Amino acid sequence: MKTYITLFLSGLAVTTLAQTPAPDANTLMNLGRLEEAKAILVRNAQQNASVQTYFDAGYGYLRAGQPDSARAWFEKGIPLDEKRVPLNQTGSAITYLVKNDLTNAGPKLEEVVNKSKGKNAEILFRVGEAYTGYLTPGNGSIKPMYPKAVDAAKAIDFLNRAADRDKKNSSIQLALGDAYYLNRDAGTAVSRYESALELGMNASRVYQRIGDIYWQGRNLNLAVENYKKAIDANSGYAPAYNQLAELYFLVNRYKEAASYIDQYVNVSKDKRQETLLRQAQFHFLAKDYQRTVNLIDSNRTALAQNPIVYRIEGWAYSSLKQPQKAIQNISTFLEKAPDKAMPDDYKYLGNAYLGIDNPGSDSLKAINDSLGILNLAKAAPFDTTENLYSDIAKYYYRAKKHPQAVATLDSAAKHGFKADVQDLFRYGMSNYTLGFQRDSLGKLVRDTARFALADSALALAQKQSPEYAPTVLYRAKANYYAYAPEEAVRNGKAKPYFEEFINMVADKPEERTRYKKDLILAFKYLISYNELVTNNSAVRNEWLQKGLSFFPENKDLAKIAAPETDTVDQ
């Protein structure tokens, strides 16, 4: 897939957060930990049956997206409802609304409003809140749990009527903020949230809500500011850490995302599988591969049944240069979830095979390398950011499989990748090598087109790295060997590159030794050129003497220098 705050790999808990009390049911719902919230609310209803506890249990199921189960609890509470405050009857009516059963919902909602004479703030509030569809913030989104129930205008109407009758109810103001947000009035939404804060609503919850609004409006700086205000108000308010983690993930600041999700897990004690997976993924993206592996290993029991675990750990081991473990984990993932395979699985698997060191076993190394290239080739066409073709071509070039190297780099170009200087050099050198062909009788045949491709690629490489002597040398040789010797001398195409190459290595004794044969070829070419083309004996002799000064024992140069020698044998 996020911020670059560094955390210790162990002991990520901040000591001031360690004593955070267990969250109540309402906070658990806001965290998305609905099963835990429901368990608390159901236990309360069973232990202390009342209008409120039955309603709260039903409300928990309603917020969890289970309206049928919610209705069962509401109906248990209906006999206990007060005549003018049909709270559980209201909850039951709402279950029809959220299921889009408008035939039943309309009359039932009208009935409870009439029973309360349209004057009870609690009933008006619950009906108005239902028309928001119950906005559910989390993971960077703020969406209604029941989108078909949403009617922003009705929500605003009921909630404003409720607020008129209970001007100090912070929950009504919070719901009004949701309603105005749904009505595309973010400014008023924030004002209502601020009113909720003034009326004593949990500051952390309000600031998170405001942060969510700013996030949806793409004002990420203000979103971050409000999430941090939520944490300042209560260092144990877990949702704000979670939202910060997701926000930083969104903007590719993975280190900060990993930091905040660690703090979220520490504060919330959220050990759900999806949370632990998210935590491991964020650390992988932050390139903290060892932390990724440690997190998975320490939560093995909770994570073991999810095949994605093997993918994450395999990718991490591949990045840690532990190829055997990488291969084991990625292969397990592909066996368990073949339908979820993606190109990156083959990329990391390919790199792992290429990373295996088999000292003393060339045949095994060759097998692993071929498996590595096979897997990289599966991933290459789909990777739009990393040029895997370059890695494949590098392998083929080093293995002296030049046709494959050229074909691979051609594929890279077709897929829109711009060749870097190394790609250009390899492309040039592979084409240069392929320029020397042999016919059916074994006779050398020059492939002029290959030499031209070599020179073209090397020319581009030279622009990017003008000081690299081999590039200049092989431009000279490509232009020389593309023709018969005398023709190559007379057309002079190799001349400027031989001259440049000599100048590049002339003052470097080690380079002169390394390129002895190439330098002798260059001197012989320049001597012949000035003998056959320019007829400039002075320049001819200058190159001859310079060649002899470098290589006084060379028989070819000595023979040229002898008076009886006519021309250079090319």
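Description of the structure in this document. (Residues numbered from 1 in each chain as written. Predicted model: local features only at pLDDT ≥ 70, side-chain atom pairs only at ≥ 80, totals over all residues. Heavy atoms only, no water.)

Description of the overall build of the protein chain
What counts is decided by this rule: Counting from the N terminus, the helices are DSSP H or I runs at least four residues long and the strands are E runs at least two residues long. Atoms counted for the radius of gyration: C-alpha only. Globule rule: 2.2 Å times residue count to the power 0.38. Using the Shrake-Rupley algorithm and a 1.4 Å probe, accessible areas are obtained, with residue cover drawn only from the displayed protein chains. Charge convention: Lys and Arg are scored as positive, Asp and Glu as negative, and His as well as the terminal groups of each chain are ignored. Every charge is mapped onto a representative atom, which is NZ of Lys, CZ of Arg, CG of Asp or CD of Glu.
Of regular secondary structure, the protein chain possesses 32 helices and four strands. Relative to the 2.2 N^0.38 estimate, which gives 25 Å for 570 residues, the radius of gyration of the protein chain is 38 Å and therefore markedly larger than a compact globule would have. Viewed in the frame of its principal axes, the protein chain has a C-alpha envelope of about 130 × 50 × 50 Å. For the protein chain, the exposed area adds up to about 27,600 Å²; of that, 49% sits on carbon and sulfur atoms. In the protein chain, 73 positive and 64 negative side-chain charges are present, and the distance between their average locations comes to 3 Å.

Some thoughts on the nonpolar core
Where we set the bar: Here, nonpolar core means buried Ala, Val, Leu, Ile, Met, Phe, Trp, Tyr and Cys residues that are tied together by side-chain atoms lying within 4.5 Å of each other. Burial here depends on accessible area, computed with a 1.4 Å probe over protein chains only, as a share of the maximum for the residue type. Under 20% is buried, over 50% is exposed, and the range in between is partly exposed. Contacts: residue pairs with any heavy atoms within 4.5 Å of one another.
With 60 residues, the main nonpolar core has Leu62 and Tyr134 as its most contacted residues. Residue contributions to this core peak at seven residues, all from helix α9 (residues 170–182). Once residues within four sequence positions are removed from consideration, Tyr134 is found in contact with Tyr59, Leu62, Arg63, Ile94, Val98, Arg126, Glu129, Lys143, Pro144, Met145 and Tyr146. Residues Tyr474, Tyr515, Leu544 and Ile560 belong to the second largest nonpolar core, which totals 42 residues.

Considering the side chain of Arg475
Test applied: Pairs of N or O atoms are called polar contacts if they sit within 3.5 Å, as long as, within protein, a hydrogen donor faces a hydrogen acceptor (for residues adjacent in sequence, only side-chain-to-side-chain pairs).
Along the chain, the position of Arg475 falls in helix α26 (residues 469–481). Residue classification places Arg475 among the buried residues on the basis of a relative accessible area of 10%. In terms of polar contacts, Arg475 uses its side chain to reach the side chain of Asp455, at 2.7 Å. Here the side chain of Arg475 touches Gln462 through a polar contact of 3.0 Å, side chain to side chain. Ignoring sequence-local partners within four residues, the contact set of Arg475 consists of Asp455, Leu458, Ala459, Gln462 and Tyr497.

Describing the packing of helix α4 (residues 67–77) against helix α5 (residues 87–98)
Note the following rule: For helices, the fitted axis covers only the stretch in contact; all axes are lines through C-alpha atoms, and the angles between them, taken along N-to-C directions, range from 0 to 180 degrees. Should an angle fall under 35 degrees it is called roughly parallel, over 145 degrees roughly antiparallel, and 65 to 115 degrees roughly perpendicular, with every other angle called oblique. By the definition used in this description, the sense in which the near helix is turned from the far one sets the handedness, with an anticlockwise turn below a right angle giving left-handed and a clockwise turn giving right-handed. Asp, Glu, Lys and Arg are counted as charged, while Ala, Val, Leu, Ile, Met, Phe, Trp, Tyr, Cys and Pro are counted as nonpolar; the rest, among them Gly, fall into the polar class.
Where α4 contacts α5, the two axes come as close as 8 Å, and the packing angle between them is 160°. Relative to α5, the element α4 lies roughly antiparallel. Every pair of crossing elements has a handedness; the one defined by α4 and α5 is left-handed. Residue-level inspection shows Pro67, Ala70, Arg71, Trp73, Phe74, Glu75 and Gly77 of α4 in contact with α5, the latter providing Asn88, Gly91, Ser92, Thr95, Tyr96 and Val98. Residue composition of the contact of α4 with α5, grouped by class: six nonpolar, five polar and two charged.

Focus on helix α2 (residues 34–47)
Selection criterion: In this scheme, a helix's expected span is set at 1.5 Å multiplied by one less than its residue total. An arc is given here, and it is the one of the directions from the helix axis to the C-beta atoms.
End to end, α2 covers 20 Å across 14 residues, agreeing with the expected 20 Å (1.5 Å per residue, within 8%). Where α2 is concerned, the buried positions are Leu34, Ala37, Lys38, Leu41, Val42 and Ala45. End-on, the buried residues of α2 take up no more than an arc of 125°, which puts them together on one face. Facing away from the buried side of α2 by over 90 degrees, the exposed positions are Glu35, Gln46 and Gln47.

Topic: a nonpolar patch on the surface
So the rule is basically this: For patch detection, residues must exceed 30% relative accessible area and be free of salt bridges, and they are connected within 9 Å for like charges or within 5 Å for nonpolar side chains (Val, Leu, Ile, Met, Phe, Trp, Tyr). The rule for a salt bridge is simple: a side-chain nitrogen of Lys or Arg has to be within 4 Å of a carboxyl oxygen of Asp or Glu.
A surface patch of nonpolar side chains, about 330 Å² in accessible area, is lined by Leu364, Ile367, Leu371 and Leu374. Owing to a relative accessible area of 37%, Leu364 belongs among the partly exposed residues under this scheme.

So, α4
Those residues of α4 that fall on the buried side of the exposure criterion are Pro67, Ala70, Arg71, Trp73, Phe74 and Gly77. All buried residues of α4 project into a common sector of 165° when viewed along the axis, lining one side.

Describing the packing of aromatic side chains
To be explicit about the condition: Between rings of Phe, Tyr and Trp, where Trp is taken as its six-membered ring, a pair exists when centres lie within 6.5 Å; planes separated by under 30 degrees are stacked, by over 60 edge-to-face, and by other angles tilted.
Counted under the stated rule, the structure contains 30 aromatic pairs. Between Phe55 and Tyr59 the ring centres are 5.9 Å apart and the planes differ by 20°, which places this aromatic pair in the stacked class. Within this pair, Phe55 and its partner Tyr59 are both found in helix α3 (residues 51–63), separated by four residues, close to a single helical turn. Note on Phe55: relative accessible area 2%, which makes it buried. An angle of 75° between the planes, with centres 6.2 Å apart, marks the rings of Tyr134 and Tyr146 as edge-to-face.

Description of the packing of helix α8 (residues 152–165) against α9
Packed helix pairs are specified by the crossing angle of their axes together with the interaxial distance, meaning the distance between the axes. Orientation of α8 relative to α9, taken along the N-to-C sense of each, is 155°, at an axis distance of 9 Å. Between α8 and α9, the angle is such that the two are roughly antiparallel. As α8 packs across α9, the resulting crossing turns out to be left-handed. When α8 is examined against α9, the residues Ala152, Ala155, Ile156, Leu159, Asn160, Ala162 and Ala163 are found in contact with a partner set consisting of Ile172, Gln173, Ala175, Leu176, Ala179, Tyr180 and Leu182. Grouping the amino acids of the contact of α8 with α9 by side-chain chemistry returns 12 nonpolar, two polar and no charged.

Looking at the environment of Leu222
Assignment of secondary structure puts Leu222 in helix α12 (residues 220–233). On the basis of relative accessible area, Leu222 is assigned to the partly exposed category, the value being 27%. Separated by 238 residues in sequence, Leu222 and Leu460 have C-alpha atoms that sit 48 Å apart.

With respect to the pattern of salt bridges
This model, assessed by the stated rule, comprises 26 salt bridges. Residues Arg126 and Glu122 are paired through a salt bridge, measuring 3.1 Å at the closest nitrogen-oxygen approach. Highlighted residues: Arg126 and Glu122, both in helix α7 (residues 121–130), separated by four residues, approximately one helical turn. One salt bridge in this structure joins Arg278 and Glu246, with 2.8 Å as the shortest N-O distance. Of this pair, Arg278 sits in helix α15 (residues 273–285) while Glu246 sits in helix α13 (residues 238–250), and the two are 32 residues apart along the sequence. Classification of Arg278 as partly exposed rests on a relative accessible area of 26%. Taken together, the salt bridges that share partners define one network made up of Asp344, Lys347, Asp383 and Glu386.

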